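# Analysis of the macromolecular model
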Amino acid sequence: MNYYICETCGVQHDLSSTEPKECKICTEERQYVSVNEQSWTTLEQLVQSNQFKNEFTAEMEGLHSIKTTPSFGIGQNAYLIQNKDFNVLWDCITYIDEETISKVRELGGIQAIALSHPHYYSTQVEWAEAFNAPIYIHEDDKEWVTRPSKHIIFWAGDTLKLHDGIVLHRIGGHFKGATVLEWNSSTDSVLLVGDIVRVVADRQWVTFMYSYPNFIPLPTNTVKRMAQQLNSIQFNKLFDAFHRVISTDAQSRVQLSAKRYIAALEGELFET
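Quick summary incoming for the structure in this document. (Residues numbered from 1 in each chain as written. Predicted model: local features only at pLDDT ≥ 70, side-chain atom pairs only at ≥ 80, totals over all residues. Heavy atoms only, no water.)

### Some words on the overall build of the protein chain
Test applied: Only DSSP runs of H or I reaching four residues or more are called helices, and only runs of E reaching two or more are called strands; each is numbered from the N terminus. The globule rule is 2.2 Å times the number of residues to the power 0.38, and the radius of gyration it is compared with is taken over C-alpha atoms. When a residue's accessible area, from a 1.4 Å probe over protein chains only, is under 20% of the maximum for its type it is buried; when over 50% it is exposed; and in between it is partly exposed. Only heavy atoms enter the contact rule, under which two residues are in contact if any of them lie within 4.5 Å. The convention is simple: Lys and Arg are positive, Asp and Glu are negative, and His and the chain ends are not counted. We put the charge of a Lys on NZ, of an Arg on CZ, of an Asp on CG and of a Glu on CD.
Looking only at helices and strands, the protein chain features 5 helices and 20 strands. On C-alpha atoms alone, the protein chain measures out to a radius of gyration of 18 Å, which is about the 19 Å that the 2.2 N^0.38 rule sets for 272 residues. By its C-alpha atoms, the protein chain is 55 × 45 × 35 Å across when sized along the principal axes. Sorting the 272 residues of the protein chain into buried and exposed places 56% on the buried side. Of the contacts made within the protein chain by residues no fewer than 6 positions apart, 55% connect residues no fewer than 24 positions apart. Charge centroids of the protein chain, computed over 23 positive and 34 negative side chains, lie 4 Å from each other.

### Side note on the environment of Leu89
Within the fold, Leu89 resides in strand β7 (residues 88–90). The class of Leu89 is buried, set by a relative accessible area of 0%. Considering only alpha carbons, one finds Leu89 and Ile166, 77 residues apart in sequence, at a separation of 12 Å. With residues up to four places along the chain from it excluded, the contact list for Leu89 reads Ile66, Ala78, Tyr79, Leu80, Ile110, Ala112, Ile113, Ala114 and Trp127.

### Section: empty space enclosed by the protein
The condition that has to hold: Points on a 1 Å grid over protein atoms alone make up a cavity when a 1.4 Å probe fits among them but cannot get out, and a pocket when they form an open set with protein on both sides within 12 Å along at least five of seven lines; lining residues each have an atom within 4 Å of a point. Grid points are joined across faces, edges and corners, and a volume is the space filled by probe spheres set on the points. Charged residues are taken to be Asp, Glu, Lys and Arg, nonpolar residues to be Ala, Val, Leu, Ile, Met, Phe, Trp, Tyr, Cys and Pro, and polar residues to be all remaining types, Gly included.
According to the stated counting rule, one finds 2 cavities of 30 Å³ or more in the structure shown. Within this model, the largest cavity holds a volume of roughly 80 Å³. Thr68, Phe72, Gln76, Ile93 and Thr94 are the residues nearest the centre of the largest cavity, which is lined by 13 residues in total. Of the residues belonging to the lining of the largest cavity, the class tally is 5 nonpolar, 7 polar and 1 charged. Around the second largest cavity, the lining residues are Val11, Gln12, Tyr121, Ser122, Gln124, Val125, Val145, Thr146 and Arg147. Partitioning the lining of the second largest cavity into residue classes produces 4 nonpolar, 4 polar and 1 charged.

### Observations regarding the sheet that holds strand β12 (residues 166–170)
Going by this rule: Note on pairing: two strands pair once DSSP finds at least 2 bridges between them.
As summarised here, the arrangement of the 6 strands in space is β11-β12-β13-β14-β19-β20, forming an open sheet in which the pairing is mixed. At either margin of the open sheet sits one strand with a lone partner, and together these are β11 (159–163) and β20 (245–246). With 2 bridges joining them, strand β19 (residues 237–239) and β20 adopt antiparallel strand pairing. Paired with Phe239 across the two strands is Val245, which belongs to β20.

### A few points about the side chain of His151
Worth spelling out the cut-off: In protein, a polar contact means a hydrogen-donor-capable atom and an acceptor-capable atom, both N or O and within 3.5 Å, with residues adjacent in sequence counting only if both atoms are side-chain atoms; elsewhere, any N or O pair within 3.5 Å suffices.
Considering the arrangement of structural elements, one finds His151 in the loop between β9 (135–138) and β10 (152–155). Here Ala133 takes part through its backbone oxygen, which lies 3.3 Å from a polar atom of the side chain of His151.

### Some remarks on the pairing of strand β4 (residues 53–60)
Two faces belong to every sheet, and in a regular strand the side chains alternate between them. Here β4 runs beside strand β5 (residues 63–69); their pairing, made up of 7 bridges, is antiparallel. Counted as the bridge partner of Phe56 is Ile66 from β5. Joining the antiparallel neighbours β4 and β5 is a turn of 2 residues, in which Gly62 adopts a positive phi near 85°.

### Observations concerning the pattern of salt bridges
Selection rule: Just to be clear on terms, a salt bridge is a Lys or Arg side-chain nitrogen sitting within 4 Å of an Asp or Glu carboxyl oxygen.
Taken as a whole and assessed by the stated rule, the structure comprises 9 salt bridges. Between Lys53 and Glu99 there is a salt bridge, and its shortest N-O distance comes to 2.5 Å. Of this pair, Lys53 sits in strand β4 while Glu99 sits in helix α2 (residues 98–106); the two residues are 46 residues apart in sequence, bridging distant segments of the chain. For Lys53, a relative accessible area of 38% translates into the label partly exposed. Note that Arg198 is salt-bridged to Asp240, the shortest N-O span being 3.2 Å. Placement of the pair is Arg198 in strand β15 (residues 198–199) and Asp240 in the loop between β19 and β20, with a sequence separation of 42 residues. When sorted by exposure, Arg198 lands in the same class as Asp240, which is buried. Salt bridges linked by common partners bring Glu126, Glu129 and Arg147 together as one network.

### Focus: the nonpolar core
Across soluble globular proteins, nonpolar side chains have a tendency to be buried as a group. How we decide: Nonpolar core, defined: a set of buried Ala, Val, Leu, Ile, Met, Phe, Trp, Tyr and Cys residues in which side-chain atoms within 4.5 Å join the residues together.
Grouped together as the largest cluster of nonpolar side chains are 64 residues, with contacts concentrated most on Ile110, Ile113, Trp127, Phe208, Leu230 and Leu238. Within the residue set of this core, elements represented by two or more residues are β1 (2–6), α1 (43–48), β6 (78–81), α2, α3 (124–131), β9, α4 (220–231) and α5 (250–265). Once residues lying within four places of it in the same chain are set aside, the contact partners of Leu238 are Leu191, Val193, Val199, Arg244, Val245, Ile246, Ala250 and Val254. Among the nonpolar cores identified, the runner-up in size contains 19 residues, and Leu63, Tyr79, Val88 and Leu162 belong to it.

Printed below as a string of C-alpha cells:
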C-alpha cells in the first residue's frame with residue numbers, strides 16, 4: 001500500500017495497493033497529462049533517490065521561500081511565514097525529508113498550513129503530520145482533495161482570520177475556492193497569491209488565467225470581481241508561486257493590470 005504521487009503535478013493521492021489509473025488533478029482542463037503519459041512515484045522513492053533537496057531563501061524579515069531542486073512537479077515555491085509565534089506554511093511542495101523538517105523546526109515549526117488552490121496540495125498531509133498542523137482549504141475546492149485527512153479544515157465565506165496579522169481571502173478565478181493570503185508583518189504589508197494572480201516577466205504587471213499551461217483566460221466579469229476584492233486588501237508587496245515579486249506599490253499595480261487585461265479581452269488595446 002502506497003500514497004502514490006503524480007510525477008506531473010506532484011500531488012499525492014490516497015492509500016492504494018496499485019498505481020491509480022489517472023490523476024484527478026491532471027486530467028482536468030486546467031492541468032494536463034504529460035506527453036510521456038501518466039507516471040507515479042512515492043515520497044519514499046523521492047527521498048531514497050538522493051536527487052532532491054529543499055532550498056530555503058530569506059525573502060524578507062519573517063518570510064522564507066522553500067523550493068525543491070532540481071524542480072519537481074509544477075515547480076512552485078512554498079512560503080514559511082514567521083508571524084508572532086504563529087508560523088504559517090503558505091502553499092505546499094511535494095518533497096519533504098528529515099533535513100527539511102529540521103530546518104523548519106529551527107525556524108519555529110508550522111502552526112497552520114494554508115493553500116491557494118488544488119494544484120499545490122502536493123504532500124500537504126505529510127507536512128501536516130510532521131508538524132501536527134491543521135490544513136486550511138476553502139470548502140469550494142473540497143472535491144479536489146486527493147488524500148483526505150483529519151488535519152484538513154474546510155472553511156467557508158470570503159475571509160478567514162488565521163491569526164493576528166494573517167487573513168485568507170477567497171477571490172476565486174483560477175478555481176472556485178482560489179485563495180490569497182494577506183500578511184501584515186512587522187515591516188510591511190504582503191500578499192501571497194500562489195498563481196491565483198501571476199506576476200509576469202515585467203515585474204510591474206500581473207495576469208489572471210483559468211489555465212496557465214493551456215492558455216485559457218478568465219472572462220472579464222470574473223477579473224473585474226477579483227480586482228474589486230483585491231482592492232479592499234491593503235498590501236505593498238506581492239509574492240507569487242514562482243519567485244516573482246512586486247516589491248513596492250503592488251496593490252495599484254494589480255489594479256492597473258486588471259484594467260489592462262480587461263481592455264485586451266474587450267479589444268481596446270489594439271487594432272483588429
